[in-house]
Amino acid sequence: MATTLAKAADGAEVVEHAARIEHVSKSFAGPAGPQLVLDDITLDVAPGEFVTLLGASGCGKSTLLNLVAGLDAPTAGNITTNGRPALMFQEHALFPWLTAGKNIELALRLRGVAKSERRDRAEELLELVRLKGAYGKRVHELSGGMRQRVALARALAQDSQILLMDEPFAALDAITRDVLHDELTRIWRETQLSVLFVTHNVREAVRLAERVVLLSSRPGRVAHEWRVDIPQPRRIEDAAVAELSVEITEQLRGEIRRHGQH
Amino acid sequence: MASTETKADAADQPVKDSTGGDMAGLEAGLDALETTAHSGRPGFRQTFVEKILPPLVAIALVLVVWQALISFKVVTDPSKLPSPSDVWGEVKNAWLEGTLLGYIWTSVSRGLVGFLFALVIGTPLGLLVARVKFVRAAIGPILSGLQSLPSVAWVPPAVIWLGLNNSMMFAVILLGAVPSIANGLVSGVDQVPPLFLRAGRTMGATGLRGTWHIVMPAALPGYLAGLKQGWAFSWRSLMAAEIIASSPDLGIGLGQLLENGRTASSMSMVFLAIFLILFVGIAIDLLIFSPLERWVLRSRGLLVKS
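Predicted model only: the values in this text are computed from it and were never measured.

Re the overall build of chain B
When you go through chain B residue by residue, the secondary structure sums to 12 helices and 0 strands. Taken from the N to the C terminus, the helices and strands of chain B come in the order α-α-α-α-α-α-α-α-α-α-α-α. Going through the 306 residues of chain B one by one, you find that 39% of them count as buried. Residue pairs at least 24 apart in sequence account for 71% of intrachain contacts in chain B once pairs closer than 6 positions are excluded. When the accessible area of chain B is evaluated, it comes to approximately 17200 Å², of which 69% is carbon and sulfur surface.

Thoughts on the interface of chain B and chain A
Accessible area lost upon the coming together of the parts is a frequently used measure of interface size. Across the boundary between the two partners, chain B contributes 39 residues, which contact 48 residues of chain A. Of the roughly 4200 Å² buried at the junction of chain B and chain A (both faces included), carbon and sulfur atoms supply 62%. Seen at the junction of chain B and chain A, the total is 3 salt bridges. Its salt-bridge partner being B:Glu27, residue A:Arg130 comes within 3.6 Å of it at the nearest N-O pair. Seen at the junction of chain B and chain A, the total is 7 residue pairs in polar contact (both at pLDDT 80 or more). Elements that contribute at least two residues to the side of chain B that touches chain A include exactly helix 1 (2–12), helix 2 (18–34), helix 9 (194–202), helix 10 (207–244) and helix 12 (267–299) of chain B. Take the side of chain B that touches chain A: its biggest share by element is 9 residues, from helix 2 of chain B. Its residues placed into classes, the side of chain B that touches chain A shows 17 nonpolar, 12 polar and 10 charged.

So, the pairing of strand 10 (residues 211–215) of chain A
Residue and element names in this part refer to chain A. Burial analysis of strand 10 places 5 of its 5 residues in the buried class, which makes it a mostly covered element. Burial along strand 10 is two-sided: the residues Arg211, Val213 and Leu215 and Val212 and Leu214 are all buried. Examined bridge by bridge, strand 10 and strand 11 (residues 222–227) share 5 bridges and lie antiparallel to one another. Bridge pairing links arginine 211 to arginine 227 in strand 11. Here strand 10 folds back onto strand 11 in antiparallel fashion, the turn holding 6 residues, of which arginine 218 has a positive phi close to 45 degrees.

Some details on the domain arrangement of chain A
Residues and elements named next belong to chain A. Along its sequence, chain A is organised into domain 1 (18–85 + 162–262) and domain 2 (94–159). Between the C-alpha centres of domain 1 and domain 2 there is a distance of 26 Å. Taken residue by residue, the interface counts 14 residues in domain 1 and 11 residues in domain 2. In this assembly, domain 1 packs against domain 2 so that about 1000 Å² is buried in total across both faces, 70% of it on carbon and sulfur atoms.

Quick look at a nonpolar patch on the surface
Residues and elements named next belong to chain B. A grouping of Phe44, Phe48, Val49, Ile52, Leu53, Leu56, Val57, Ile59, Leu61 and Leu63 is seen on the molecular surface, where their side chains present a nonpolar patch of about 900 Å² in accessible area. Tracing the backbone through its elements, the reader meets leucine 61 in helix 3 (residues 44–71). Judged by relative accessible area, leucine 61 falls into the exposed class, the value being 52%.

Considering the sheet that holds strand 3 (residues 19–30) of chain A
Residues and elements named next belong to chain A. Spatially, 3 strands are ordered 4-3-6 in an open sheet, and the strand pairing comes out antiparallel. The open sheet is flanked by strand 4 (33–45) and strand 6 (76–81), the only strands paired with a single partner. Sheet twist, expressed as the mean angle between neighbouring strand axes with direction ignored, is 30 degrees. Direction of pairing for strand 3 relative to strand 4: antiparallel, over a ladder of 9 bridges. In the strand pairing of strand 4, isoleucine 21 is matched with leucine 43.

Quick notes on the confidence of the model for chain A
Detailed reading of the predicted coordinates is not advisable wherever pLDDT falls low. For chain A, the mean per-residue pLDDT works out to 84, and 93% of the residues sit at or above 70. The low-confidence segment residues 1–12 of chain A, where pLDDT is below 50, has 23 contacts with residues more than four positions distant or belonging to other chains.

Some words on the packing of helix 10 of chain B against helix 12 of chain B
Residue and element names in this part refer to chain B. Look at helix 10 against helix 12: their axes get within 10 Å of each other, and the N-to-C directions meet at 170 degrees. On the basis of their axis angle, the class for helix 10 and helix 12 is roughly antiparallel. Here helix 10 contributes Leu220, Pro221, Leu224, Ala225, Leu227, Lys228, Trp231, Trp235 and Met239 to the contact with helix 12, which in turn contributes Ile277, Val280, Gly281, Ile284, Asp285, Phe289, Ser290, Leu292, Glu293, Val296 and Leu297. A class-by-class count of the residues in the contact of helix 10 with helix 12 yields 15 nonpolar, 2 polar and 3 charged.

What to know about the UniProt feature "domain: ABC transmembrane type-1" (unreviewed entry) in chain B
Under the feature "domain: ABC transmembrane type-1" (unreviewed entry), the UniProt entry names residues 104–288 of chain B. The distance from the first to the last C-alpha atom of residues 104–288 of chain B is 17 Å, and the span holds 84% helix and 0% strand.

About the cut-offs
- Residues numbered from 1 in each chain as written.
- Chains lettered and ligands numbered in written order.
- Predicted model: local features only at pLDDT ≥ 70, side-chain atom pairs only at ≥ 80, totals over all residues.
- Heavy atoms only, no water.
- Helix = DSSP H or I, 4+ residues; strand = E, 2+ residues; numbered from the N terminus.
- Buried < 20%, exposed > 50% of the residue type's maximum accessible area, 1.4 Å probe, protein only.
- Contact = heavy atoms within 4.5 Å.
- Areas by Shrake-Rupley, 256 points an atom, 1.4 Å probe, with all protein chains shown as cover.
- Buried area = accessible area lost by both parts, 1.4 Å probe.
- Salt bridge = Lys/Arg side-chain N within 4 Å of Asp/Glu carboxyl O.
- Polar contact = N/O pair within 3.5 Å; in protein donor to acceptor, adjacent residues only side chain to side chain.
- Nonpolar A, V, L, I, M, F, W, Y, C, P; charged D, E, K, R; others polar.
- Pairing = 2+ DSSP bridges.
- Domains from an automatic or database assignment.
- Patch = residues over 30% accessible without salt bridge, like charges linked within 9 Å, V, L, I, M, F, W, Y side chains within 5 Å.
- Axes fitted to C-alpha atoms, helices over the stretch in contact; angles between N-to-C directions.
- pLDDT = per-residue confidence, 0-100.
- Parallel < 35°, antiparallel > 145°, perpendicular 65-115°, else oblique.
- UniProt positions renumbered as here; feature names shortened; annotations may be inferred.

Pasting the structure below:
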């Protein structure tokens, strides 16, 4: 994966974007020939920007995230990211044979962090997700919300410029999800990280993002974009969040309805 | 981008607004509520009643039935069925003569050395079959087929190739145990959740690093099951080899003891040998493999306490 860096006049490296998706299409082999899942997607994520990708089932939003993560190759088009992205899944994907702390240390180790620094760095990251003291805990001893927070700490341990999140809070209850939205917003603002966050939950998208991108379904295309200027910290029950959510939901319904009429 | 300024300001100072504090308290509450309390280890009394007593009762029952067969003259010929006390006498004699531990050690040392060889060969073989498509297609079916071949079948060719010596014993053990160990690892690797591999790849664990950090630890439960079966096969193969291929140079192991009992028409010696073979098999399993397996499963939260 190419790292795109532009040289500024004074010689300092200026990063133009955290991820650039240019005219990307993806098709999979289906029973009736190749099936187009993503059609000519173009999308930039600026450094430090928080973008949510919103869409109904079958819009290929997870497929797009896999392409950006480098787990799969696009059929056409080009994707460049500034370094290897970190990826967080709907399932925590923590390794059950390691403790919470060692899971984070593995990410550090694979990135080449010296052994003597790993323990301290892992403790710091656990503190960042407010899980001080969970270092020695096994994965099965943690609650769902705590597991996702350790997974977030592990993703942060990769020290990537961009964090990809594939519906990471979808399996959590509403209150835990609220808390994690808050954590994520706080950490994003502290770390200046770029985030590309996939969800089918409109309110979640509006609660978190600076920019919401709506994908149409089958094939996935960029249908609409909104810039969210509501100041952070927001709450999911804020009137402004609700208002924009209504507008976006209306558009999303329209996209879904189109599939009912042939 | 109006929101950028707000963000830059906020990044300088720690986020300390009423909402944040609120949420932190909520979070602490959730963590406390959702963390399951862990019950301590069961006491000795409970372990004794639940784990130790039942097998003792079963053994006692077998002894009672056995003694009853003799006492009530159901079986009268001692060359067909010796009494428990005759067999016990045989054990005591062997102990007093100092040969009992020798019999056991001859076989156990052979079995363990052979098993370690099988481990060293079976592990990389299993990894190759599991990870390299061509190798899997080429020898995968043969490897699982070999598991169903009784290892006794290897004794005659091994004797012809290697003669009556320890190498022949090891060859038979290897041919019995390597397929089990390799197959155990293959099924362990096959059952690794794809999510772990994807997570590993995004963290940069690919190729050998992925195998070492992700695939091997994730496959450990299946691998251990393969090792357990591999040991059982090692032990069985060894006994077959010792019974068929006895030679004075080889020393007396448990298999030879059984064969000696048969040639001497001493049913109590035959029973002694069978009990010792069974005893060693159970002891190795209880002392090595079961604790290892339980430790691995418990540390991953896979062991449900009943």
